[in-house]
Amino acid sequence: MNKLVKTLREAMELAGLKDGMSISFHHHLRNGDRVLNMVLETAAQMGLKDLTVQASSIFDVHAPLVGHIQSGVVTAIETDYMSGSVARAVSEGVLKKPVRFRSHGGRPEAIASGRVRIDVAFIAAPCCDAMGNINGVEGRAACGSLGYAFADALYAGKVIAVTDNLAPYPVSPVSIDETLVDYVVVVDCIGDPAGIVSGTTRITRDPVGLKIARDAARVIEHSGLLQDGFSFQTGAGGASLAVTQYLAPVMREKGIVGSFGLGGITGYMVDMLNDGCFRSLLDVQCFDLKAVASLRENPNHQEISAMRYASPGSKSSAVDSLDVVILGATEMDVDFNVNVHTDSNGYIIGGSGGHSDTAAGAKLTMIVAPLFRARLPIVTDRVTTVSTPGSTVDVLVTQRGIAVNPAKPQLAGALKDAGLSVVPIEALRDLAERFTGKPEKLRHGNRVVGEVEYRDGRVLDRIYNVEG
């Protein structure tokens with residue numbers, strides 16, 4: 001059997017790609033990705049139309065996608081996250097069909113259940129052999145874990161591995177194996193390492209962010225959850241990362257050894273693993289070079305699929321065993337609903353990613369955010385877009401106080417007893433508005449440009465076009 005084909009176009013023709021089909025991509029190459037653009041340019045040259053792009057995330061590097069929408073090559077997008085010029089164009093109505101936003105757990109569930117059909121999956125492969133054995137820890141475009149590509153490889157009608165590093169058979173280690181891959185294509189470059197990882201994801205040095213992080217660590221310390229077997233996830237934002245700076249010394253002082261760190265893994269989580277704070281890391285995507293190296297070298301740093309990470313359709317997933325998750329927010333309302341999809345002007349700027357998944361699974365879901373940003377309050381009467389339901393959010397930590405969901409009175413009591421400044425969320429809203437004034441109600445168009453699907457498949461909210 002010969003899976004190696006000479007060109008991307010040949011592979012797409014062999015896979016039977018036709019008008020109206022659905023094609024998928026994973027986002028581990030992030031803003032360095034060249035595969036999605038390469039595939040769509042080839043599709044345009046082939047004269048294909050009416051394609052649905054199933055991409056786990058879309059970044060500014062994918063700006064050429066706008067032109068393919070305008071020419072009719074692409075007529076639908078389903079994704080977990082969207083930013084940059086594509087998000088701006090979609091917000092202004094360039095796409096006729098609403099974008100379907102899912103979570104990182106909801107996406108593989110939709111694929112595995114058959115609600116989402118992928119005709120051809122394109123796997124960006126940092127290291128691949130001629131039979132399609134793939135890993136993400138070797139090669140010039142090494143990105144680490146390939147967790148978001150597993151569902152695509154398992155359930156797509158055809159799978160094409162696209163690599164710039166053809167290695168001798170058999171590749172080892174293997175993330176996605178040859179039994180799932182139909183064709184292998186070698187190209188000059190699948191991604192720019194400068195955009196794949198930042199080299200170092202940095203803890204904030206901002207005094208406000210550091211105070212928020214310090215208080216967040218104290219919330220964890222006094223929550224009753226910080227004991228042997230503790231499990232933890234934090235995002236890659238500066239304030240979220242700073243929580244690890246304050247939490248690790250507490251764990252060492254108390255002799256606490258956690259069970260696992262979860263999610264998108266950074267070098268700071270690697271340090272906690274190496275220092276004995278955790279027994280293992282469960283990694284669905286690497287955020288920096290230190291995490292890539294650790295995944296390659298440390299057997300206690302494990303690659304996991306998005307299904308194992310957060311799918312509500314799996315028999316179990318790691319988020320179901322999660323004690324604490326630290327998350328960010330664009331805005332939050334007095335009912336603890338969180339928005340991470342749109343900005344104050346209604347433009348799409350992101351997406352849930354694992355936000356709503358981890359919030360649903362964790363015993364303690366904490367939002368860390370300044371009281372206001374750019375003269376806009378973080379707490380509002382009603383968020384512009386509901387990304388994560390307030391029923392799954394427990395605590396908001398700001399530099400001016402901590403709000404606890406009224407559904408958690410025992411937690412509020414424990415934090416007050418520890419001397420933390422616990423206030424009603426309405427008080428934080430009022431305090432912020434004394435600095436910023438009350439924001440004007442957002443005006444938007446009447447056309448739906450995005451639908452926010454919760455991890456169980458129901459529509460949480462709709463995003464409307466931005467009026468010029």
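(A) Up close: the packing of aromatic side chains. Enumeration over the complete set of coordinates arrives at 5 aromatic pairs. Between Phe230 and Phe232, the ring centres sit 5.9 Å apart and the planes meet at 25 degrees, which makes this aromatic pair stacked. The same class applies to Phe230 and to Phe232, which are both buried. Judged by centre distance (5.3 Å) and plane angle (35 degrees), the rings of Phe372 and Phe435 are tilted.

(B) Quick peek at the packing of helix 8 (residues 207-221) against helix 9 (residues 238-254). Look at helix 8 against helix 9: their axes get within 8 Å of each other, and the N-to-C directions meet at 40 degrees. When the axis of helix 8 is compared with that of helix 9, the two are oblique. Helix-helix and strand crossings are classified by hand; for helix 8 and helix 9 the assignment is right-handed. Of the residues in helix 9, those touching helix 8 at Gly209, Leu210, Ala213, Arg214, Ala216, Ala217, Ile220 and Glu221 are Ala239, Ala242, Val243, Gln245, Tyr246, Leu247, Val250 and Lys254.

(C) Layout of the sheet that holds strand 11 (residues 231-234). The strand order 14-13-12-11-15-18-22-23 describes an open sheet built from 8 strands, whose pairing is mixed. Taken across any chain shown, the strands that pair with only one partner, and hence form the sheet edges, are strand 14 (301-303) and strand 23 (401-404). Taking the axes of each pair of neighbouring strands and ignoring which way they run, one obtains an average angle of 20 degrees across the sheet. Relative to strand 18 (residues 364-368), strand 15 (residues 324-327) runs parallel, the two being bridged by 4 bridges. Looking across to strand 18, one finds that Val325 is bridged to Thr365. Each of strand 11, strand 12 (258-265), strand 13 (278-286), strand 15 and strand 18 touches helix 9; the most contacted strand, strand 11, lies at about 155 degrees to it. Sitting on the sheet, helix 11 (residues 289-297) is in contact with strand 12, strand 13 and strand 14, with an inclination near 90 degrees to strand 14.

(D) Highlighting the nonpolar core. Within the largest apolar cluster, 73 residues are counted, with the highest numbers of intra-cluster contacts made by Ile77, Met82, Phe122 and Ile160. Take this core: its biggest share by element is 6 residues, from strand 6 (residues 120-125). Other than its neighbours up to four places away in sequence, Ile160 contacts Ala11, Met12, Ala15, Val120, Ala121, Phe122, Ile123, Tyr183 and Val185. Leu210, Phe230, Ala248 and Val324 belong to the second-largest nonpolar core, a separate cluster that totals 48 residues.

(E) Region of the structure containing the pairing of strand 25 (residues 459-464). When strand 24 (residues 448-453) meets strand 25, the two strands line up antiparallel, connected through 5 bridges. Bridging across to strand 25, Gly450 finds its partner in Ile463. Linking two consecutive strands that pair antiparallel, namely strand 24 and strand 25, is a turn of 5 residues; a positive phi of about 100 degrees is found at Gly457 within it.

(F) Structural context of the pattern of salt bridges. Scanning the model with the defined rule gives 25 salt bridges in all. Asp164 is the salt-bridge partner of Arg140, the closest N and O atoms lying 3.3 Å from each other. Taken together, the positions of Arg140 in the loop between strand 8 (134-135) and helix 6 (150-155) and Asp164 in the loop between strand 9 (158-163) and strand 10 (183-186) put the pair 24 residues apart, joining distant regions of the chain. Given a relative accessible area of 12%, Asp164 falls into the buried group. Here Lys254 makes a salt bridge to Glu221, at a shortest N to O gap of 3.8 Å. Of this pair, Lys254 sits in helix 9 while Glu221 is found in helix 8, placing the two residues 33 residues apart along the sequence.

(G) Structural context of the packing of helix 10 (residues 267-274) against helix 11. One can describe the packing of helix 10 onto helix 11 by two numbers: an axis separation of 7 Å at closest approach and a directional angle of 45 degrees. The angle between the axes of helix 10 and helix 11 places the two elements in the oblique class. Contacts between helix 10 and helix 11 involve Gly267, Val270, Asp271 and Leu273 on the former and, on the latter, Lys290, Ala291 and Ser294.

(H) Region of the structure containing the state of the cysteines. Per the stated rule, a full pass over the model turns up 0 disulfides. Left unpaired, Cys143 is separated from the closest cysteine sulfur, that of Cys286, by 7.6 Å. Among the cysteines around Cys277, which has no disulfide bond, Cys286 carries the closest sulfur, lying 19 Å off.

(I) Examining helix 2 (residues 35-45) more closely. Looking only at helix 2, the buried set comprises Val35, Leu36, Asn37, Val39, Leu40, Thr42 and Ala43. Gly47 sits one or two residues past helix 2 and shows a positive phi near 80 degrees.

(J) Representation of the environment of Phe278. Relative to the assigned elements, Phe278 resides in strand 13. Along the backbone, Phe278 and Pro424 are 146 residues apart, and their C-alpha atoms lie at a distance of 34 Å. Once you skip the residues sitting within four places of it in the chain, Phe278 turns out to touch Phe230, Ser231, Phe232, Met251, Gly258, Ser259, Phe260, Gly261, Met269, Met272 and Leu273.

(K) View of the sheet that holds strand 9. Strand order in the open sheet formed by 10 strands is 1-10-9-6-2-3-4-5-24-25, with mixed pairing between adjacent strands. Two strands in the sheet have a free side with no partner beyond their single neighbour: strand 1 (4-5) and strand 25. Pairing analysis gives 4 bridges linking strand 2 (residues 22-25) to strand 3 (residues 51-55), with the strands arranged parallel. When the bridges of strand 3 are listed, Phe25 appears paired with Ala55.

(L) Geometry of helix 15 (residues 425-436). Between its terminal C-alpha atoms helix 15 stretches 17 Å, which fits the 16 Å expected from 12 residues at 1.5 Å a residue. Every buried residue of helix 15 is listed here: Ile425, Leu428, Arg429, Leu431, Ala432, Glu433 and Thr436. Contacts made by the buried residues of helix 15 are with strand 16 (331-333), strand 19 (372-373), strand 20 (376-377), strand 21 (379-380), strand 22 (395-398) and strand 23. Trailing helix 15 by a residue or two, Gly437 shows a phi angle of about 80 degrees, which is positive.

(M) Structural detail: empty space enclosed by the protein. Applying the stated rule across the entire model yields 1 cavity of 30 Å³ or more. Looking at the largest cavity, its volume works out to about 30 Å³. Looking at the lining of the largest cavity residue by residue, the class counts come to 3 nonpolar, 4 polar and 2 charged.

(N) Expanded view of the side chain of His28. Locating His28 in the fold gives a position in the loop between strand 2 and helix 2. Within the local environment of His28, its side chain forms a polar contact with the side chain of His26, the two groups lying 3.0 Å apart. Within the structure, His28 has its side chain in polar contact with the backbone nitrogen of Gly147 (distance 3.2 Å).

About the cut-offs
Residues numbered from 1 in each chain as written. Predicted model: local features only at pLDDT ≥ 70, side-chain atom pairs only at ≥ 80, totals over all residues. Heavy atoms only, no water. Phe/Tyr/Trp six-rings, centres within 6.5 Å; stacked < 30°, edge-to-face > 60°. Buried < 20%, exposed > 50% of the residue type's maximum accessible area, 1.4 Å probe, protein only. Axes fitted to C-alpha atoms, helices over the stretch in contact; angles between N-to-C directions. Helix = DSSP H or I, 4+ residues; strand = E, 2+ residues; numbered from the N terminus. Parallel < 35°, antiparallel > 145°, perpendicular 65-115°, else oblique. Left-handed = near helix turned anticlockwise from the far one by under 90°. Contact = heavy atoms within 4.5 Å. Pairing = 2+ DSSP bridges. Core = buried A, V, L, I, M, F, W, Y, C linked by side-chain atoms within 4.5 Å. Salt bridge = Lys/Arg side-chain N within 4 Å of Asp/Glu carboxyl O. Disulfide = S-S within 2.5 Å. Expected span 1.5 Å × (residues − 1). 1 Å grid on protein atoms, 1.4 Å probe; cavity = no way out; pocket = protein on both sides within 12 Å on 5 of 7 lines; lining within 4 Å. Points joined across faces, edges and corners; volume = space filled by probe spheres on them. Nonpolar A, V, L, I, M, F, W, Y, C, P; charged D, E, K, R; others polar. Polar contact = N/O pair within 3.5 Å; in protein donor to acceptor, adjacent residues only side chain to side chain.

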